Amino acid sequence: MKKVNITETVLRDANQSLIATRLPFEDFEEILETMDNAGYYSLECWGGATFDSCLRYLSEDPWERLRKIREKVKNTKLQMLLRGQNLLGYKHYPDDVVRKFVQHSVKNGIDIIRIFDALNDFRNIEVAVEETLKCGAHAQGAICYTISPIHNLEKYVEMGKTLESMGVNSICIKDMAGILAPQEAYDLIKALKETVKVPVFLHTHSTTGLGPITYIKAVEAGCDGIDTSISVFSGGTAQPATETLNYAIKEMGYQTDLKEDVLKKINDFFRPIKEKFIQSGGLDAYVLGTETDALNYQIPGGMLSNLIAQLKQQNAMDKLEEVLLETPKVRKDLGYPPLVTPMSQMVGVQATINVLTGERYKNVTKEVKAYLKGEYGRAPGEIDSELIKKVLGDEEPITGRFADTLEPIFEKTKEELGDMAKSDEDVLSYIAFPQIAKKFFKEREEKKAKIVSYTISRV
Ligand code: CO
């Protein structure tokens, strides 16, 4: 019987998609041992926005969170999401930092690293993949799925081949917007399975309502694993429900190894947590619905809500239709980047500026300028040559890998931080988010001082 591997995302992607990654460790600590016994292939529990959110909003050391999860989850593989050369931030880091980050992620408990680049420029994931393999962990190479006139089945299969030749242990199709349709998924997974030897995984979201159907067709085509979220934290902008997919897939004659009674315990545990977030306003009913606009506009649901928020702020909601028409044009000018962080924000903001100023590219954001210079990597398609001329003038764009222009900074930063950083992990937190990490270190010291004085006064 063929097995379909199930990755549970409640601790990372569902947490990120539904409640802006605000789930504190203490909320889920008690259920970790139970989750370890559910029969999951892996728990996606770290990376993505969790790192930023721990430091910025939850006053938690992200590295300590990982170690504590590892302590309770002894058998199930722990998985994280890494943005290639961007790591967990929004700009490219030099190779020494990427290598250290991977080393410490594995050392602190990660088994599987899913690595992607927003432009599918695999030069930007090479170092992270190589280091993951060197550390003895599982490197999963991800392909960002998008729809455009230049993206087609052949191209994706070609990308799969490239990833396999880089030595990845598995490949993931990452459909961040939930726009991969069932038949397309079937054709794509089938073509990949016929071409590559490594397992093929699929990651999608319920946003447009296609998610569960797409997973079923993918499984029929031979997909080796899918990402789901426990039902109370599923649907909408998060993943399709674990229990539902488990039920359907087993009925189709596949094996999942999931234990229904344990899944029920996990779901019952998360129910009051969901209630708490609804009460506090941290979970907005809006994100739980089905948003089919993404299918018409071919832009992710999250990007659409960002555009609306921007226009509201500018008192320009009457321009929404115009911005929605401008967005695909900007995307075309930029060579059809997939609309994933940070490209989705860049395209959306530039389209809004183009409409509001009344002249296209009269003002160009710093990020778009850097993109045109080649600092994010190679565009999937042709960038509009007039636009390059207009913005860069005589300056030549970079054609090599941007990280090759960056000097190593880890040792230097470590020295500069001195006593403030208590470990190499602290140095990495600081390099990723300097201001926020600094504030966090200070608060940590203050907390420690308080505990010491309390203990002394008790003695
Ligand atoms: Co996702």
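Because the structure is a prediction, the values reported are computed rather than measured.

On to the overall build of the protein chain, then. For the protein chain, the count of helices and strands is 21 helices and 8 strands. Over its C-alpha atoms the protein chain spans a radius of gyration of 22 Å, differing by no more than 12% from the 23 Å that the globule rule assigns to 459 residues. Counting only C-alpha atoms, the protein chain reaches 70 × 60 × 45 Å along its principal axes. The buried share of the protein chain, taken over its 459 residues, is 55%. When contacts within the protein chain are restricted to residue pairs at least 6 apart in sequence, those whose partners lie at least 24 apart make up 75%. Entry remark: accessible area of the protein chain is about 19700 Å², with carbon and sulfur atoms responsible for 51%.

Within the structure shown, the criterion is met by 2 cavities of 30 Å³ or more. Estimated volume of the largest cavity: approximately 70 Å³. Lining the largest cavity, in full, are Arg83, Asn86, His92, Phe116, Asp117, Ala118, Leu119, Thr341, Pro342, Met343 and Tyr376. Of the residues that constitute the lining of the largest cavity, the class distribution is 6 nonpolar, 3 polar and 2 charged.

The protein atoms that coordinate the cobalt ion are Asp13 (OD), His203 (NE2) and His205 (NE2), at distances of 2.1 Å. Read in sequence order, the donor residues for the cobalt ion give the motif D-x189-H-x1-H. One end of the pair, aspartate 13, is in helix H1 (residues 13–19); the other, histidine 203, is in strand E7 (residues 200–203), with 190 residues separating them in the sequence. Histidine 203 carries the same exposure label as aspartate 13, and that label is buried.

Our focus in this paragraph is the packing of helix H11 (residues 242–251) against helix H12 (residues 260–280). Contact geometry for H11 and H12: axes closest at 10 Å, N-to-C directions at 165°. Comparing the axis directions of H11 and H12 gives the class roughly antiparallel. The chirality of how H11 crosses H12 is left-handed. Contacts from Thr242, Glu243, Asn246 and Lys250 in H11 reach Glu260, Leu263 and Asn267 in H12. Taken together, the residues that form the contact of H11 with H12 break down as 1 nonpolar, 3 polar and 3 charged.

The rules behind each value
- Residues numbered from 1 in each chain as written.
- Predicted model: local features only at pLDDT ≥ 70, side-chain atom pairs only at ≥ 80, totals over all residues.
- Heavy atoms only, no water.
- Helix = DSSP H or I, 4+ residues; strand = E, 2+ residues; numbered from the N terminus.
- Rg over C-alpha atoms; globule rule 2.2 N^0.38 Å.
- Buried < 20%, exposed > 50% of the residue type's maximum accessible area, 1.4 Å probe, protein only.
- Contact = heavy atoms within 4.5 Å.
- Areas by Shrake-Rupley, 256 points an atom, 1.4 Å probe, with all protein chains shown as cover.
- 1 Å grid on protein atoms, 1.4 Å probe; cavity = no way out; pocket = protein on both sides within 12 Å on 5 of 7 lines; lining within 4 Å.
- Points joined across faces, edges and corners; volume = space filled by probe spheres on them.
- Nonpolar A, V, L, I, M, F, W, Y, C, P; charged D, E, K, R; others polar.
- Donors = N, O, S within 2.8 Å, 3.2 Å for Na, K, Ca; no water.
- Axes fitted to C-alpha atoms, helices over the stretch in contact; angles between N-to-C directions.
- Parallel < 35°, antiparallel > 145°, perpendicular 65-115°, else oblique.
- Left-handed = near helix turned anticlockwise from the far one by under 90°.

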